[in-house]
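# Structural features, examined
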Amino acid sequence: MNMAPAKQGAVRTILNRIVATLETISSVVIFIMMVLTFVDVVGRYVFHKPIFGGTEIISALLALTIFSGLGVINARDDHITVELFEDIFRRTLSPVVYEVIIQVFSVLVMTLIAAVLFEHAWENYRLDKLTEVLEMPVYYISGTVAIFAVISVLSQIAGVVLKVFDLSNGQRREES
Amino acid sequence: MNMRTLAVGVFVTAAFCAVGSAAFAKTRLIVNCFWPPQHFVCQKVLPGWLDAVEEATEGRVVGNIPPKSVAPPPEQLASVEKGIVDASVQFNGLIGNRVNGALTAMQPFSGNMNGPAMTQAAWETREKFYPDEFDTVELLSQWVITPGQLFSNTDAPIVTVDNFKSRKMWALPGPLANMAKDIGAAVVATPAVKSNEVIANGVVDSHMGLGGDAIQSFQVIPYTKSMTRFTSPVYTTTFSFVINKDKWAEISPEDREAIRALSQEKVGMVATGLWDSVSADVYSRFDDLGIEVVDADPELEATLIEAAGPTTQAWKDKAKAAGIDADAALDFYRARVKELSK
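These figures come from a predicted structure and were not determined experimentally. (Residues numbered from 1 in each chain as written. Chains lettered and ligands numbered in written order. Predicted model: local features only at pLDDT ≥ 70, side-chain atom pairs only at ≥ 80, totals over all residues. Heavy atoms only, no water.)

### A word on the overall build of chain B
Where we set the bar: Counting from the N terminus, the helices are DSSP H or I runs at least four residues long and the strands are E runs at least two residues long. Only protein chains enter the accessibility calculation, which uses a 1.4 Å probe. A residue is then buried if its area is under 20% of the maximum for its type, exposed if over 50%, and partly exposed in between. Pairs of residues are marked as contacts when any of their non-hydrogen atoms sit within 4.5 Å. Only the protein chains shown count as cover for residues, and all accessible areas are computed by the Shrake-Rupley method using a 1.4 Å probe. Only four residue types enter the charge count: Lys and Arg as positive, Asp and Glu as negative, with His and the chain ends excluded. By convention, the point assigned to a charge is CZ for Arg, NZ for Lys, CD for Glu and CG for Asp.
Along its length, chain B carries 13 helices and 11 strands. Here the C-alpha coordinates of chain B stretch approximately 95 × 40 × 35 Å along the principal axes. When each of the 342 residues of chain B is scored for burial, the buried share is 54%. The contacts of chain B with a sequence gap of at least 6 include a subset with a gap of at least 24, amounting to 76%. Total accessible area on chain B stands at roughly 15,000 Å², and carbon and sulfur atoms take up 55% of it. In chain B, which carries 30 positive and 40 negative side-chain charges, the distance between the mean positions of the two groups comes to 4 Å.

Following this line, the structure appears as structure tokens:
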């Protein structure tokens, strides 16, 4: 990896900003979910006025939380991993090649997920699908989720580039 | 063996295979069932239709039902359009943005307790007013099921408007949830399949929209103490059985005609009959289950009818915009239900 230090710095800065933005969005959405649940329960039991469609809104917010959080997890490569064949590959491949293979596969899978989510959102828009209770357009949610999935792929790619660069730098230092 | 003999041999073999495979060519249908596998639609209705289709087409059209639904309830029509499955049942309340006529029988206070009469009336209304409404798939059958009811989960039954207003109530999304909210109940609306978690956990103290079969299927009988009876049931739901257009085109015209001729009888009428009998069985056990049946105060029924007005008007406006004579269709449906129920 011969990426110039200035470019590495730029990628790192952009990635950090994306992660910070996604973390803020996740936090805000979780906070809204908490407030909604609280108001819904108090409204139902104390004032006899629950939030109509509260369950549906919370379900939609949950989808946004998951996909905004996914970008953060992808950028930090913080996924839960199951190391079934770890030893075999580690013995035969260099750390950089090993990491590249795994991360490229992950990026491809995540890209496929993003593409399917976009297709789903487009179909919801084309058919004008509405939610069951509030009858709001489903593509508001599925479209936002698809956009988060794309951001997630981009942050994953940036994370992979930086990780591979760090690994190859480390390898070079060990060799010298 | 010279080349000419070889070529003739290959040609004869290929021709024989082609004729043989054509003679035994079968169209295999994948029919999805979104209810739980043990539900009678998956166990009796759809397998019965497949048997009848196989018999009527002398084995040229066969099919099978996946052990588990390949799509959630709102996506049944889309899964048939995309060809993920060849045929499936769609709850019409979930495709209200795509069809209007199919919702005629779902207008509040239009039905009664006679499923076959409602189903026959709905089928006739479709043929008369909106025969080609499903244009992306082939519609084979439609049916109307036993009405959803109003239940109390406390020892106090719901009889008056004040009783109704004071309740925390699970309601089926759509007209029922909107009506209950407008009257003043504290409404929690979720899809029917999620009614159990709301009712069983004590989030609400009443529920509206489940029929006899549903309170059994969704296991809410233990939390139900009384049922409020109206002179005209509040709300009925309808389903459509559809098949993929490309798959339909694969079937010969004679076999298509045979399948079309038997489907309403073998799917719609069988399904509604089973719904009626299961519901009747549950209602007949109410004494043993400790569920009281009370009559609604006329004022409560009048209030619900009034609350249903905007819902029905909104449907009429939408249906008229789609070119359906909604007033005439609804009047015709209600009149036919009464005639067929005599």
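### Digging into the sheet that holds strand β3 (residues 87–91) of chain B
Strand pairing within a sheet occurs via backbone hydrogen bonds; the two strands may be parallel or antiparallel. All names here are of chain B. Stated precisely, the cut-off is as follows: Two strands qualify as a pair provided that DSSP identifies no fewer than 2 bridges between them. A fitted line through C-alpha atoms represents every axis, and for helices the fit uses only the stretch in contact; the resulting angles, taken between N-to-C directions, go from 0 to 180 degrees.
Strand order in the open sheet formed by three strands is β3-β10-β4, with antiparallel pairing between adjacent strands. The two strands at the open ends of the sheet, each matched to only one other strand, are β3 and β4 (137–144). Along the sheet, successive strands turn relative to each other by an average axial angle of 25 degrees, direction set aside. Across seven bridges, β4 lies against strand β10 (residues 238–244) in antiparallel orientation. Among the inter-strand pairings, V144 is bridged to a residue of β10, identified as T238.

### Let's talk about the interface of chain B and chain A
Here is the rule: Accessible-area loss on putting two parts together, using a 1.4 Å probe and summing over both, is the definition of buried area adopted here. A carboxyl oxygen of Asp or Glu within 4 Å of a side-chain nitrogen of Lys or Arg is what we treat as a salt bridge. Under the rule applied, a polar contact is a pair of N or O atoms within 3.5 Å (in protein, one hydrogen donor and one hydrogen acceptor; residues adjacent in sequence only if both atoms are side-chain atoms). Lys, Arg, Asp and Glu make up the charged group, whereas Ala, Val, Leu, Ile, Met, Phe, Trp, Tyr, Cys and Pro make up the nonpolar group; the residues left over, Gly among them, are polar.
Contact residues are listed per partner, giving 26 residues for chain B and 14 residues for chain A. Taken together, the two surfaces of chain B and chain A that pack against each other cover about 1,700 Å², and 58% of this comes from carbon and sulfur. For the chain B face of the interface with chain A, the top three residues by lost area are B:N97, B:K168 and B:A186, together amounting to 24%. Here chain B is connected to chain A by two salt bridges. In this structure, B:E75 and A:K129 form a salt bridge, with 2.8 Å as the shortest nitrogen-oxygen distance. Counting across the chain B and chain A interface gives eight residue pairs in polar contact (both at pLDDT 80 or more). Counting only elements with at least two residues in the side of chain B that touches chain A, the list comes to α6 (175–183) and β7 (186–189) of chain B. Tallying contributions element by element places β7(B) first for the side of chain B that touches chain A, with four residues. Looking at the side of chain B that touches chain A residue by residue, the class counts come to 12 nonpolar, seven polar and seven charged.

### Things to note about helix α4 (residues 95–126) of chain A
The condition that has to hold: Given the number of residues in a helix, its expected span is that number minus one, multiplied by 1.5 Å.
End to end, α4(A) covers 46 Å across 32 residues, agreeing with the expected 46 Å (1.5 Å per residue, within 8%). Downstream of α4(A) by one or two residues, A:D128 has phi in the positive range, about 55 degrees.

### Here's the deal with a nonpolar patch on the surface
So the rule is basically this: Candidate patch residues must exceed 30% relative accessible area and have no salt bridge, after which like charges are joined if within 9 Å and Val, Leu, Ile, Met, Phe, Trp or Tyr side chains if within 5 Å.
Residues A:F31, A:M34, A:V35, A:F38 and A:V39 make up a contiguous nonpolar surface patch of about 510 Å² in total accessible area. Along the chain, A:F38 turns up in helix α1 (residues 5–45).

### Details of the environment of B:Q149
Mapped onto the fold, B:Q149 is located in strand β5 (residues 149–152). Not counting chain neighbours up to four residues away, the residues in contact with B:Q149 comprise B:M113, B:H207, B:M208, B:G209, B:L210, B:G211, B:M227, B:T228 and B:Y283.

### Observations regarding the packing of helix α2 (residues 40–56) of chain B against helix α10 (residues 253–284) of chain B
All names here are of chain B. Worth spelling out the cut-off: Each angle is binned into one of four classes, with values under 35 degrees roughly parallel, values over 145 roughly antiparallel, values of 65 to 115 roughly perpendicular, and all other values oblique. Take the far helix as your reference; a near helix turned counterclockwise from it by less than a right angle gives a left-handed crossing, and one turned clockwise gives a right-handed crossing.
With their axes 10 Å apart at the nearest point, α2 and α10 run at an angle of 155 degrees to one another. Classified by the angle their axes make, α2 and α10 are roughly antiparallel. When you trace α2 past α10, the crossing you get is right-handed. Between α2, through F40, V41, K44, V45, W49, A52, V53 and A56, and α10, the contact on the second element is made entirely by A258, I259, L262, S263, K266, V267, V270, A271, L274, W275 and V278. Broken down by class, the residue content of the contact of α2 with α10 amounts to 16 nonpolar, one polar and two charged.

### What about the confidence of the model for chain A?
Rule in force here: pLDDT expresses, on a scale from 0 to 100, how confident the predictor is about each individual residue.
Model confidence for chain A is summarised by a mean pLDDT of 87, while 94% of its residues fall at 70 or above. Confidence scores differ between elements of chain A, with helix α3 (residues 86–92) of chain A showing the lowest mean pLDDT of 82 and helix α2 (residues 54–76) of chain A the highest of 92.

### Remarks on the sheet that holds strand β8 (residues 206–210) of chain B
All names here are of chain B. Strand order in the open sheet formed by six strands is β7-β6-β8-β5-β9-β11, with mixed pairing between adjacent strands. Two strands bound the open sheet, and with one partner strand each, they are β7 and β11 (292–295). Each strand axis lies, on average, 25 degrees off the axis of its neighbour in the sheet, ignoring direction. By the bridge criterion, four bridges tie strand β6 (residues 168–171) to β7 in an arrangement that is parallel. Bridging from a neighbouring strand, K168 pairs with A186 of β7.

### Describing the nonpolar core
Quick note on the threshold: Nonpolar core, defined: a set of buried Ala, Val, Leu, Ile, Met, Phe, Trp, Tyr and Cys residues in which side-chain atoms within 4.5 Å join the residues together.
By size, the foremost hydrophobic cluster in this structure holds 86 residues, and its most contacted members are B:W35, B:W49, B:W143, B:F164 and B:F241. If near-sequence neighbours (up to four positions away) are discounted, B:F241 is found in contact with B:V31, B:L46, B:W49, B:A87, B:S88, B:V89, B:E138, B:L139, B:L140, B:S141, B:W143 and B:V267.

### Remarks on the pairing of strand β9 (residues 226–229) of chain B
Residues and elements named next belong to chain B. Pairing analysis gives three bridges linking β5 to β9, with the strands arranged antiparallel. Residue pairing for β9: L150 is matched across the bridge by T228. Pairing geometry for β9 and β11, over four bridges, is parallel. Bridge assignment links S226 to a residue of β11, and that residue is E292.

### Concerning the pattern of salt bridges
With the rule as written, the count across this model stands at 18 salt bridges over all chains. Each of the salt bridges in this network shares a partner with another, and the network as a whole consists of A:E123, A:K129, B:E75 and B:K82.

### Examining helix α12 (residues 298–321) of chain B
Three- or four-residue spacings in an α-helix give side chains the same orientation, since the helix completes a turn every 3.6 residues. All names here are of chain B. The cut-off we apply is this: Bend, in this description, refers to the angle at a residue between axes fitted to the seven residues ending there and the seven starting there.
Its 24 residues give α12 an end-to-end C-alpha distance of 34 Å, which sits within 8% of 34 Å, the value for a rise of 1.5 Å per residue. The axis of α12 is deflected most strongly, by about 30 degrees, at G309, and proline P310 appears within four residues downstream. Contact partners of the buried residues in α12: α5 (161–165), α6 and α13 (326–341). Two or three places before E299, at the start of α12, stands the capping residue D297, its side-chain oxygen 2.7 Å from that residue's backbone nitrogen. Positive backbone phi, approximately 90 degrees, marks G323, located one or two places after α12.

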